[in-house]
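# Analysis of the macromolecular model
Now for the letters of each chain:
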Amino acid sequence: MFIPDEGYYFGLGAFETIAVENGSPQFLPQHYNRLRLALKFLKLNVDFSEIEEKVKTVLAQKEMREGRKVLKITVSEKNILITTRLNSYQKEDYEKGFSTAISNVKRNETSPFTYHKTLNYGDCIIEKRRAKEMGIQEPIFLNTKGEIAEGATTNVFFIKDNQITAPPLSCGMLPGIIREYLYSTYSIREQIILPEDIGEFNEMFLTNSLLGIMPVNRLGSHIFPSMNIGKKLSQELYNSQRSFC
C-alpha cells in the first residue's frame, strides 16, 4: 500500500533502475551503493535490509528468470516500491545508433539534486517526451555555463583518435553505473566540451544501466562519421555481463 509522504508531495525520494538479464541483476552492488548515497543525502532513515529482501523476492519470481527485464526500486520516507517491466531496447537500436539534440533546458550544475538519482526527475521526463515527438531518442543538456553535461537519462561520451573523452562530473550530471564501469575499465580523458567542439570528434555514445552503451549517429545537425568504437564497447560490455549470468 502506498502512503503519501514527502516523496509524493516534494520529490524527496530516490530510485534505481536495474537491468536484469536472464534473472541476473546487472551491477546490483553499485546500484545499492548509489541508492544508499541518495538516501543519506535526502536524510531518509530507511532500513536497507528491507529493500534488499523485497528485491530478492521479486527476482525469485519465475517471470524474472528469462529474457531482458527491468527492476525499479523506488524509496521515499514511508514507501519501498519494487516494480518490473520489459527492457525494450533492441539490437536494431544499436545498429542504427541514437539521434540526439541539444535541449533548451539547462542542467543546473550548482544543485546537489543533479548528482543524485532522486524523484526530482521532471525535467528529464518532459524533455525526453518532447524529443520523442521530434524523432529524437535522447535530448542532451548543457549546464548553465553552456557546457555539455549529460543526456536526459544518460551520460555522454565522445571519441577522437581512439581516445574516449567525457565531461567531468563538475559539469553537472548523475554519476552513472555504466559511466563508473567505463572509468574502471578504459582510459577516459576528461574535458570541458562545448557544442561548437562537436565537430572535433569522430564518435559519440551514451550510457545508462538499461541501454548499456549506445552509439550515436548524430547530435543536432552534426552527423558523426563513425559508430565503430561505440559498437565495439557495447559488445564488450554485453559479453562481460553474459559471463556473470
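Preceding block: the structure.
### Details of helix 5 (residues 122-133)
Relative to the 16 Å expected for twelve residues at 1.5 Å per residue, helix 5 spans 17 Å between its end C-alpha atoms, a close match to the ideal helical length. For helix 5, the full list of buried residues reads Cys124, Glu127 and Ala131. The buried residues of helix 5 occupy one face: seen down the axis, they fall within an arc of 75°. Away from its buried face by more than 90 degrees, helix 5 exposes Ile126, Arg129, Lys132 and Glu133. Elements that come into contact with the buried residues of helix 5 comprise strand 5 (98-107) and strand 6 (138-143). A positive phi of about 80° marks glycine 135, the residue just after helix 5.

### Concerning the environment of arginine 65
Mapped onto the elements of the fold, arginine 65 is located in the loop between helix 3 (48-59) and strand 3 (68-75). Once the C-alpha coordinates of arginine 65 and asparagine 22 are considered, the two residues, 43 residues apart in sequence, prove to be 4.9 Å apart. If we skip the residues at most four places from it in the chain, arginine 65 touches Asn22, Gly23 and Ala60.

### Focus: unusual backbone geometry
Of note, the phi angle at aspartate 161 is positive, near 55°, even though the residue is not glycine. Since its relative accessible area comes to 61%, aspartate 161 is described here as exposed. Although it is not a glycine, asparagine 162 sits at a positive phi angle of roughly 70°. Inspection of the secondary structure assignment puts asparagine 162 in the loop between strand 8 (155-160) and strand 9 (163-166). Overall, the relative accessible area of 66% leaves asparagine 162 in the exposed class.

### Re the packing of aromatic side chains
Tallying each qualifying case throughout the model produces twelve aromatic pairs. Ring geometry for tyrosine 8 and tyrosine 9: centres 5.1 Å apart, planes at 80°, overall edge-to-face. Seen from their ring centres, tyrosine 181 and tyrosine 186 are 6.4 Å apart, and the 80° between their planes marks the pair as edge-to-face. Residue tyrosine 181 is classed as buried on the basis of its relative accessible area of 12%. Judged by relative accessible area, tyrosine 186 falls into the partly exposed class, the value being 24%. A connected cluster of aromatic rings, assembled from ring pairs, spans Phe2, Tyr8, Tyr9 and Phe10. Seen from the ring of phenylalanine 15, lysine 72 lies directly overhead, with NZ or CZ sitting 4.8 Å from the centre.

Cut-offs applied
- Residues numbered from 1 in each chain as written.
- Predicted model: local features only at pLDDT ≥ 70, side-chain atom pairs only at ≥ 80, totals over all residues.
- Heavy atoms only, no water.
- Helix = DSSP H or I, 4+ residues; strand = E, 2+ residues; numbered from the N terminus.
- Expected span 1.5 Å × (residues − 1).
- Buried < 20%, exposed > 50% of the residue type's maximum accessible area, 1.4 Å probe, protein only.
- Arc of directions from axis to C-beta.
- Contact = heavy atoms within 4.5 Å.
- Phe/Tyr/Trp six-rings, centres within 6.5 Å; stacked < 30°, edge-to-face > 60°.
- Lys NZ or Arg CZ within 6 Å of the ring centre and 35° of its normal.

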